[in-house]
Amino acid sequence: MEERPETELISIPATPRASTPEALTPSGQRSPRPPAASSGAGGGGGGGGKAPSAAWTPTSFISPRFLSPIGTPMKRVLVNMKGYLEEVGHLTKLNPQDAWLPITESRNGNAHYAAFHNLNAGVGFQALLLPVAFAFLGWSWGILSLTIAYCWQLYTLWILVQLHEAVPGKRYNRYVELAQAAFGEKLGLWLAVFPTTMKLFFQIVCGPLCSSNPLTTVEWYLVFTSLCIVLSQLPNLNSIAGLSLVGAVTAITYSTMVWVLSVSQERPPTISYEPLSLPSFSASVFSVMNALGIVAFAFRGHNLVLEIQATMPSTFKHPAHVPMWKGAKVAYFFIAMCLFPVAIGGFWAYGNQMPQGGILNALYGFHSHDIPRGLLAMTFLLVVFNCLSSFQIYSMPVFDSFEASYTSRTNRPCSIWVRSGFRVFYGFVNFFIGVALPFLSSLAGLLGGLTLPVTFAYPCFMWVLIKRPAKYSFNWYFNWILGWLGIAFSLAFSIGGIWSMVNSGLKLKFFKPN
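Just so you know, these numbers come straight off a predicted model, no measurement behind them.

1. Remarks on the overall build of the protein chain
Step number 1: When helices and strands are tallied, the protein chain shows 17 helices and zero strands.
Step number 2: Of the accessible surface of the protein chain, which amounts to about 25600 Å², a share of 67% is contributed by carbon and sulfur atoms.

Have a look at this one:
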C-alpha cells in the first residue's frame, strides 16, 4: 500500500472552529495560536520550496493545546483522585459504630496475626477425639474421611475469605452479616446464630472439662473462669494476637506430645484395628454417622474467619484477602500437622480400645505409670493454656454482640466499666453452665452434626447467592452440590449422635462434675 505523504497529515486544521464563541470555550477565552509564517519572500530564497503551512496541529490528541489553561489542573485532580482511590480502597461505607466494637475497633492486623488467630481457633481439644472416630471407621475410611473433610473445609475457608469484600463498598465483618446478605435478614440470622452459638457454647464451656478430666473439680472451674475473665479485659481482637500465638504454640506442642508419647509406649496386648462391631446393621450405621460427626467437629474456626479478616486494613492496591489467605494457608498447614498425626498415631497406639474421652484419656489410663509424671503434667497444663487462649478468641464475637447492642441503644462507646461488666458476667455464666452440665463431653458427635453447616454447607450457598456464577455452569453445580451434601451430612450425623447418646445411656448428672 502506498504511504500517504506527511504533508497530508499535518495539513488538517485542528484549531477550534471560528464560529465557537469565546464563552463556550473551556477556559472562557480563545487559545493562543502561533504566529503564521509569511508566505512568499523569506520562505526559501525563491528556490521553489513550499512555504510552511499556516495551520496549527496539536502535539497530542489527548490533551490539545487549546485546553492548556485547565488541562494541567484537571490532570492533577485526576491523578490525585486515582492515587486516593488506590490508597483508600473501594470507597467503603464506614459504620461509625464499628470504631467502638471489639472486632473492628483496631484494623492494623496482618498476615502474621491471621496465622496466629486461625491456628488458635482451628486446633482444639476436638482433635483429641479423632482416634475415637477411627475406632468405628477403621484405617481406610478413617483416613479417607479425614482427608476429604480437610480439603472440603479448606475450600469453604477460601470462599469466606473471598466473600469478605465481595460487594463493592461493603465489608462483611462478621459471619452473621454475610449470612444475612446471602439468605436474608431473618433467615440468615437464624441459620448463622444457632449453630455458631452451639459451637461457641461447647468450645467455651466444655473445653477444660473434656480435655482435663484429672482436674475437673468445682475449684478448678472457678480458677479457670477467673483466669479467663482477667485475660478477657484485653479490649479488641487485635490486642489478643499474643494470646493467639500462645494458643497456637501450645496446641501444636500438646498435639505432638500426645501422639509421640502414645506411639513410643508398648501397645495394649489385645489391640485390634478392626472397626468396632455392633449387634445390628442399623447400630453400625448410626455409629459410623456419629464417628463422621466427630471428624467434622474437629474442624473449627470458620465462624471466626470474617471477624479475623475484619481486623486488617483494606485498600484497592492491597485488599485484605491477600494477607488473610497467606496467614490462613500457613495456619492450616500446621493444623494438618496436628490433626493427622493425632488421629493416625492415636489409633495405631490404642486401636479400637480407645476410650470415649479421646487420646488424652487413653494416654493417662494406659501409661500413667510408664510415663514420667512431669511429662503428663506438662501435657495437661498445655491443654489448659490452650483452652484459656481459645476462650478469648471464641468469646470475642459474643463480647462484640453485647457491646453492639449497648452502643446502638446509647449511641456512645462502652466505658471500661461497662465492658468489664459484660465480660465478668459472661465468664460466670459459663462457669455456672460448666458446673451444672458436666455431661457435655458426650455431645461431640451431635454438636458436630448440628454445627457442620457453618463450616461445610453455608459458605457454598453464600458463594452462589452473592457471586451469582453462570447458571448451570460447573461452578454453579459444584457449590450447590457441596452445600446440599453438607446439609444431608448434618442431618445424618445429628441422628447418629442422638443414637449414640441413647445407646450408651447418657447419664444426666446435674451439678456433679467429675
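That was the structure; now back to the text.
2. Looking at the environment of leucine 160
Step number 1: Of note, leucine 160 is situated in helix H4 (residues 130-163).
Step number 2: Separated by 149 residues in the primary sequence, leucine 160 and glutamine 309 have C-alpha atoms spaced 9.7 Å apart.
Step number 3: Residues within four places of leucine 160 in sequence aside, it is in contact with Tyr175, Leu178, His302, Val305, Leu306, Gln309, Pro459 and Met462.

3. Details of the environment of phenylalanine 183
Step number 1: Relative to the helices and strands, phenylalanine 183 is located in helix H5 (residues 175-183).
Step number 2: Separated by 282 residues in the primary sequence, phenylalanine 183 and leucine 465 place their C-alpha atoms 7.9 Å from one another.

4. Quick word on the packing of aromatic side chains
Step number 1: Here the structure, examined in full by the defined rule, presents 29 aromatic pairs.
Step number 2: With centroids separated by 5.6 Å and ring planes inclined at 45°, the aromatic side chains of phenylalanine 402 and phenylalanine 422 adopt a geometry described as tilted. In this pair, phenylalanine 402 sits in helix H13 (residues 373-410) while phenylalanine 422 sits in helix H14 (residues 416-436), placing the two residues 20 residues apart along the sequence.
Step number 3: A residue is classified by how much of its surface remains accessible, and phenylalanine 402, at 25% relative accessible area, is partly exposed.
Step number 4: Among the aromatic residues, ring-to-ring pairing joins Phe391, Phe399, Phe402, Tyr406, Phe422 and Tyr426 into one connected group.

5. Focus on the pattern of salt bridges
Step number 1: Scanning the entire structure with this criterion turns up seven salt bridges.
Step number 2: Arginine 174 is the salt-bridge partner of aspartate 400, the closest N and O atoms lying 2.6 Å from each other. Placement of aspartate 400 in helix H13 and of arginine 174 in the loop between H4 and H5 is noted, with a sequence separation of 226 residues between them.
Step number 3: Take aspartate 400: its relative accessible area is 4%, and that puts it in the buried class.
Step number 4: One salt bridge connects glutamate 403 with arginine 423, and the closest N-O pair in it is separated by 3.2 Å. With a gap of 20 residues between them, glutamate 403 in helix H13 and arginine 423 in helix H14 connect regions that are remote in the sequence.
Step number 5: The class for glutamate 403 is buried, based on a relative accessible area of 0%.
Step number 6: Under the relative-accessibility criterion, arginine 423 is labelled buried at 1%.
Step number 7: Residues joined in a network through salt bridges with shared partners are Asp98, Arg174, Glu177 and Asp400.

6. Points about helix H3 (residues 111-122)
Step number 1: Here H3 contains twelve residues, and its C-alpha end-to-end distance of 16 Å stays within 8% of the 16 Å for a straight helix at 1.5 Å per residue.
Step number 2: Inspection of H3 places Ala114, Ala115, His117, Asn118, Leu119, Asn120, Ala121 and Gly122 among the buried residues, and these make up the whole buried set.
Step number 3: Along its buried surface, H3 packs onto helix H8 (241-263), helix H10 (305-309), helix H11 (321-350) and H13.
Step number 4: For H3, the N-terminal capping position is held by asparagine 110, with its side-chain oxygen 3.0 Å away from the main-chain nitrogen of histidine 112.

7. Some thoughts on a nonpolar patch on the surface
Step number 1: A cluster of nonpolar residues, Tyr472, Tyr477, Ile481, Leu485 and Phe489, forms a patch on the protein surface that exposes about 490 Å² of accessible area.
Step number 2: With respect to the element layout, tyrosine 477 can be found in helix H17 (residues 474-504).

8. Quick look at the environment of cysteine 460
Step number 1: Examined against the element boundaries, cysteine 460 turns out to sit in helix H16 (residues 458-467).
Step number 2: For the pair cysteine 460 and tryptophan 484, spaced 24 residues apart in sequence, the C-alpha to C-alpha distance is 9.0 Å.
Step number 3: With near-sequence residues (within four places) excluded, cysteine 460 lies in contact with Trp152, Tyr155, Thr156, Ile159, Asn479, Leu482 and Gly483.

What counts and what doesn't
- Residues numbered from 1 in each chain as written.
- Predicted model: local features only at pLDDT ≥ 70, side-chain atom pairs only at ≥ 80, totals over all residues.
- Heavy atoms only, no water.
- Helix = DSSP H or I, 4+ residues; strand = E, 2+ residues; numbered from the N terminus.
- Areas by Shrake-Rupley, 256 points an atom, 1.4 Å probe, with all protein chains shown as cover.
- Contact = heavy atoms within 4.5 Å.
- Phe/Tyr/Trp six-rings, centres within 6.5 Å; stacked < 30°, edge-to-face > 60°.
- Buried < 20%, exposed > 50% of the residue type's maximum accessible area, 1.4 Å probe, protein only.
- Salt bridge = Lys/Arg side-chain N within 4 Å of Asp/Glu carboxyl O.
- Expected span 1.5 Å × (residues − 1).
- Polar contact = N/O pair within 3.5 Å; in protein donor to acceptor, adjacent residues only side chain to side chain.
- Patch = residues over 30% accessible without salt bridge, like charges linked within 9 Å, V, L, I, M, F, W, Y side chains within 5 Å.

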